[in-house]
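Listed below are the residues making up each chain.
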Amino acid sequence: MKAVVLAAGEGARMGPFTASEPKVMIPVGNRPILEHVIGALVDEGVHDVVLVVGYRRERIMSHFQDGKAFGARIEYAVQNKQLGTAHSLVEARAKVSGPFLVVNGSNLMDRQAISDLVSGGTGPSVLITESDNPSKYGVVLVSADRVARIVEKPREPVGNLINTGAYALDESIFPVIEALEKQGKHDLPSAIEALSATRPVRAIRTNGVWMDALYPWDLLKLNAEVLKGVHDVKAGTIEKGVTIRGKVSIGDGTVLRAGTYIQGPVSIGEGCEVGPHAVILAATSLGDNVHVGPFGLVDNSILMDDVDIGPGCILQDSVAGMGAKLRAAVAAPRGPASVQVEGEWHEVESVGGLIGEDAEIGAGGVIESGAVIGARARVGANARLRGTIPDGGIVV
Amino acid sequence: MCGIVGYAGYRQAYPILLECLKRLEYRGYDSAGIAIAGSGITVQKDKGYISRLEETAEPVAGTLGIAHTRWATHGPPSKENAHPHIDCSGDLALVHNGIIENHQELRERLKAEGHVFRSETDTEVAAHLIESHYHGNLETAVRTALQEVRGSYAFAVIHAKEPDRIVAARNESPLVVGLGTDENFLASDIPALLKHTNRVLYVMDGEIVVLGRDSARITDYAGKTIEREPQRITWTLEDAEKGGFEHFMLKEIFEEPQAIHDTLLGRIAEPELNSFFREGYTGIKLVACGTSYHAALVGKYILEEVARVPTTAEIASEYRYSKAPADRPLVILLSQSGETADTLGACREANRRGCKTFAITNIIGSSLSREAQRTMLTRAGIEIGVAATKTFVAQLAALYLLAIRIGLERATLGVEEANRLKEELRRLPRAVQAVLNQAPYIEGLALEYAKARDVFFIGRHVEYPIAMEGALKLKEISYIHAEAYAAGELKHGPLALVGSDTPVIAIVTRDHTYEKMLSNIREVDARGAPVLAIGTEGDKDLGKVVDNVIYVPAVPPLFAPVPVVVPLQLFAYHVARIRGCAIDKPRNLAKSVTVE
């Protein structure tokens with residue numbers, strides 16, 4: 001069976017982390033979210049993948065190429081205008097026939113979830129899962145395992161089984177989409193609902209992993225989930241006096257300096273330099289070429305490639321984009337916060353700093369919980385940062 | 001410069017040889033041919049791309065054969081001059097990559113002995129020469145014949161009377177053996193083999209290989225057997241597929257952030273310091289050809305500023321024939337393939353002169369990495385597009401690393417300063433990405449300039465070599481006449497050519513030459529030339545003096561060549577695409593130039 005993976009979106013709500021990358025390329029556990037999705041498909045025997053790409057598509061194409069390195073055969077379909085998920089699927093129409101899967105490239109899924117969808121029987125199906133936060137999603141009303149209705153982002157509670165955006169479909173969906181497009185509707189859930197009026201659409205409930213990253217702090221949950229499966233790999237140079245507990249993967253050319261303490265699960269990429277006397281706690285991912293200076297603490301955080309953390313920095317529940325640079329003694333402690341994203345306020349239970357790519361923060365800076373530092377922002381020494389600093393902003 | 005392949009195994013050789021050959025098309029593509037040993041030797045060849053041969057040739061049964069794709073040096077591209085070449089009897093077929101220097105005298109002698117020549121190539125001489133020494137043993141005949149041949153070559157020969165073997169030999173042209181199960185391969189370069197095996201034996205200069213379906217025996221010219229461990233190639237064929245991109249060149253440009261990232265990987269945290277660079281020279285000489293030479297020109301500024309060692313850059317084909325001065329500089333050789341004939345020759349010459357030699361190359365186990373005393377690999381991955389792009393920026397990344405290392409070893413660079421430079425290096429992949437994100441805008445600009453007949457590129461200081469590289473990219477793939485000048489030289493002549501139909505591409509980043517560049521732009525603007533500038537992000541004034549601007553992120557001037565070259569590569573690509581040129585295979589050019 002073929003799978004159409006939707007990967008054309010920008011991910012505007014991911015703030016500074018989609019400044020130069022599409023959302024699906026954001027790394028969790030040191031691999032892009034999309035790579036985990038393709039991995040799950042391949043593990044379940046789905047090797048033929050059509051990637052629908054759009055925003056910054058070259059980043060995706062140059063990473064996945066023809067898919068051989070990932071055990072898949074990847075073809076590309078280009079969606080030039082991001083009108084909606086149904087429109088996205090239509091772009092892949094010429095490359096599918098018979099039954100096929102549709103999954104969203106920015107939702108983390110495991111084998112179990114894919115397997116539930118594949119083995120759900122014939123005919124169109126929707127993968128559904130239980131959610132704590134159904135008001136953000138399409139709630140699926142089910143009767144006798146069939147989709148009755150899909151209520152998008154209900155204000156009033158109507159149920160807690162949500163549409164994962166993963167479907168098993170066939171060509172019968174395309175005429176339905178065409179009809180809806182004439183009414184200006186370009187989303188897949190509307191098409192599924194319309195399809196369910198003409199033939200039964202199965203609702204398959206999964207207990208496998210399905211996680212969505214809507215906002216930057218969600219990345220930490222995805223990261224922790226992925227790191228559960230991290231392998232113990234000890235490459236690189238580990239100096240005397242380094243303590244490693246739990247599962248920790250350490251890449252080639254990485255140097256862990258004396259006195260460093262690591263509590264897994266932690267994934268450390270290639271060519272990193274950590275310590276002396278740095279503390280890395282679960283669940284943390286350090287990308288490639290990351291430098292964590294002496295006496296630093298990194299706890300439940302994602303540091304993407306080329307991040308450089310000066311001596312004595314503290315990062316908890318934080319995300320730092322590629323090439324972010326923190327000078328000495330910058331603190332981003334965790335705490336509850338109200339964070340504004342795209343004009344909307346969100347209450348977050350626990351979050352540290354959300355630091356965009358190539359942002360630079362001067363010595364002694366304090367990043368208040370939930371502060372968002374834009375990509376390429378420049379912050380002088382001893383600043384206290386709260387709220388949102390825009391991309392390229394300057395704080396003196 | 002040509003590509004050769006060979007197959008001895010249990011499968012039908014014809015489709016395998018053609019498929020392997022296509023992966024060598026980057027080495028030359030003006031004619032191609034194939035010889036199969038089945039019932040006798042069947043040779044088929046034609047002028048043009050390998051796909052043309054595929055159309056005109058008939059599949060021939062047989063499990064052993066050789067094939068060739070040619071880039072003409074002696075004799076124009078034609079069916080007659082295409083390889084394989086056969087001897088008078090038609091029993092022997094031979095393919096060759098390289099140049100036989102004494103082919104004229106051999107040809108006259110063989111003609112006098114009664115041999116009949118069918119082509120103008122130097123290669124055919126070798127076929128007849130081996131025939132003249134053939135007394136029932138091909139290996140012996142090749143060994144004897146080679147004693148009379150001067151020049152560079154990789155040969156592969158088959159004979160109807162010994163249809164179970166290929167005899168091959170190498171001198172100064174690349175040759176590798178691929179080891180399979182019950183089948184073996186032969187090729188000029190590894191990509192040809194990767195679909196079938198990743199176990200290879202490198203053949204060295206002065207060695208002969210006898211290849212059968214279950215054996216690959218290497219001997220020296222005296223006949224002594226050489227034992228060699230096979231090496232495992234870690235990169236795979238998918239590295240060589242286009243993966244959604246229209247051309248390899250575009251794919252490779254978009255791989256530049258990764259190429260820089262990978263080249264820096266593991267070398268920033270702990271540069272591998274040893275005493276190699278500490279002493280034994282007073283100056284550095286960078287030696288290379290083509291695009292690598294432009295990297296060398298940038299390298300001169302980098303090494304002088306970072307490592308504080310007086311440095312010169314020289315074209316390999318000039319250096320190797322120059323007279324040796326008394327001093328012995330450290331000679332750094334740059335070659336993407338590590339097989340560039342002139343760069344290899346320069347390395348040998350430098351070794352002979354007693355210089356320390358250091359190579360920067362993209363191919364592990366390449367001839368250059370074996371000739372030079374030390375090697376640093378750019379980890380750009382395989383590059384198929386004939387126009388070098390990602391390997392160029394990877395070479396620059398390697399030069400920054402090298403300069404830091406030399407500075408630290410010679411204690412001319414402080415640790416603090418080194419750390420500051422490393423920070424900047426870490427930023428480069430994103431600086432390049434930021435330019436790539438503007439690709440649609442650059443494509444739009446290309447449309448405006450695609451009709452030009454002549455284009456001038458100007459820059460100063462470290463950006464002058466980048467202007468040269470921009471001009472080279474444009475001419476090699478779009479066939480537009482392009483020339484680069486140090487901007488200050490314009491008024492010493494070239495300005496006479498500037499007018500409203502000669503666009504000028506000016507590199508005007510915010511450095512100490514900024515004001516001077518602006519006055520140069522005014523000079524050309526006054527003559528009506530359309531000006532496209534590459535400027536620093538945030539420089540709003542620039543837009544007022546020129547027609548179009550492509551902005552690149554602000555980086556310290558020494559690092560500017562990396563983000564600045566990217567829009568020029570994209571510009572050349574899109575201009576060529578709009579003009580409908582064969583981007584990945586420009587006419588008359590080949591990827592690695594293994595002839596002199």
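Not measured: the values here are computed from a predicted model.

Definitions and cut-offs
- Residues numbered from 1 in each chain as written.
- Chains lettered and ligands numbered in written order.
- Predicted model: local features only at pLDDT ≥ 70, side-chain atom pairs only at ≥ 80, totals over all residues.
- Contact = placed C-beta atoms within 7 Å.
- Helix = DSSP H or I, 4+ residues; strand = E, 2+ residues; numbered from the N terminus.
- Nonpolar A, V, L, I, M, F, W, Y, C, P; charged D, E, K, R; others polar.
- pLDDT = per-residue confidence, 0-100.
- Axes fitted to C-alpha atoms, helices over the stretch in contact; angles between N-to-C directions.
- Parallel < 35°, antiparallel > 145°, perpendicular 65-115°, else oblique.
- Left-handed = near helix turned anticlockwise from the far one by under 90°.
- Domains from an automatic or database assignment.
- Pairing = 2+ DSSP bridges.
- Core = buried A, V, L, I, M, F, W, Y, C linked by C-beta atoms within 7 Å.
- Buried ≥ 20, exposed ≤ 12 C-beta atoms within 10 Å, placed from the backbone.

Participant: Requested: an account of the interface of chain A and chain B, with residues and values cited.
Facilitator: Listed as interface residues are 28 residues of chain A and, on the opposing side, 26 residues of chain B. No other element matches helix α2 (residues 57-64) of chain A, which puts four residues into the side of chain A that touches chain B. By residue class, the composition of the side of chain A that touches chain B is seven nonpolar, seven polar and 14 charged.

Participant: Mind laying out the confidence of the model for chain B, listing which residues take part and the relevant values?
Facilitator: Residues with a pLDDT of 70 or more make up 97% of chain B, whose mean pLDDT is 90. Among the scores for the predicted complex, ipTM is 0.78 and pTM is 0.75.

Participant: Before we move on, could you go through the packing of helix α13 (residues 415-436) of chain B against helix α18 (residues 561-578) of chain B and cite the residues and values that matter?
Facilitator: Residues and elements named next belong to chain B. At a minimum axis distance of 9 Å, the contact between α13 and α18 shows a crossing angle of 25°. Here α13 lies roughly parallel to α18, going by the angle between them. Regarding α13 and α18, the two cross each other, and that crossing is right-handed. Note on element contacts: α18 touches α13 through Val562, Pro563, Val566 and Pro567, opposite Leu428, Ala431, Val432, Val435 and Leu436. For the contact of α13 with α18, the class distribution of residues is nine nonpolar, no polar and no charged.

Participant: Tell me about the domain arrangement of chain A, residues and numbers included.
Facilitator: All names here are of chain A. Split into domains, chain A comes out as domain 1 (2-214) and domain 2 (227-395). With centres defined by C-alpha atoms, the gap from domain 1 to domain 2 works out at 31 Å. Each partner contributes to the interface: domain 1 provides 11 residues, whereas domain 2 provides 20 residues. The residue inventory of the side of domain 1 that touches domain 2, partitioned by class, reads six nonpolar, four polar and one charged.

Participant: Could you give me a rundown of the environment of leucine 219 of chain A, with the residues and numbers involved?
Facilitator: Residues and elements named next belong to chain A. Its place among the elements puts leucine 219 in helix α7 (residues 218-227). Counting along the chain gives 186 residues from leucine 219 to isoleucine 33, while the straight-line C-alpha distance between them is 9.5 Å. The residues contacting leucine 219, other than those within four sequence positions of it, are Ile26, Val28, Ala213, Ile302 and Val319.

Participant: Describe the sheet that holds strand β15 (residues 231-232) of chain B, and please don't skip the residues or the numbers.
Facilitator: Residues and elements named next belong to chain B. On the basis of which strands lie adjacent, the open sheet formed by eight strands has the order β3-β2-β4-β1-β10-β9-β11-β15 and antiparallel pairing. Looking along the sheet, the strands with just one partner apiece sit at the ends: β3 (40-47) and β15. The sheet contact formed by strand β2 (residues 31-38) and strand β4 (residues 64-70) spans seven bridges and is antiparallel. Pairing of isoleucine 36 across the sheet is with glycine 65, part of β4. Docked against the sheet, helix α1 (residues 13-22) engages β1 (3-8), β2, β4 and β10 (184-187), running at close to 30° with respect to β4.

Participant: Explain the nonpolar core to me, and be specific about the residues and the numbers.
Facilitator: Core analysis: the largest hydrophobic core is formed by 344 residues, its most contacted members being Val4, Leu51 and Ile373 of chain A together with Val5, Leu17, Ile130 and Leu333 of chain B. Of the residues forming this core, the biggest block, 14 residues, is contributed by helix α12 (residues 390-409) of chain B. Beyond its immediate stretch of four places on either side in the chain, isoleucine 373 of chain A contacts Pro16, Gly353, Leu354, Ile355, Gly356, Ala359, Ile361, Ile367, Leu385 and Ile389 of chain A.

Participant: Which residues make up the domain arrangement of chain B, and what are the values?
Facilitator: How big an interface is tends to be stated in terms of the accessible area lost upon association of its parts. Residue and element names in this part refer to chain B. Domain parsing of chain B yields domain 1 (3-237), domain 2 (242-435) and domain 3 (438-583). For domain 1 and domain 2, the distance between their C-alpha centroids amounts to 33 Å. Across the boundary between the two partners, domain 1 contributes eight residues, which contact nine residues of domain 2. Tallied by class, residues from the side of domain 1 that touches domain 2 come to five nonpolar, two polar and one charged.

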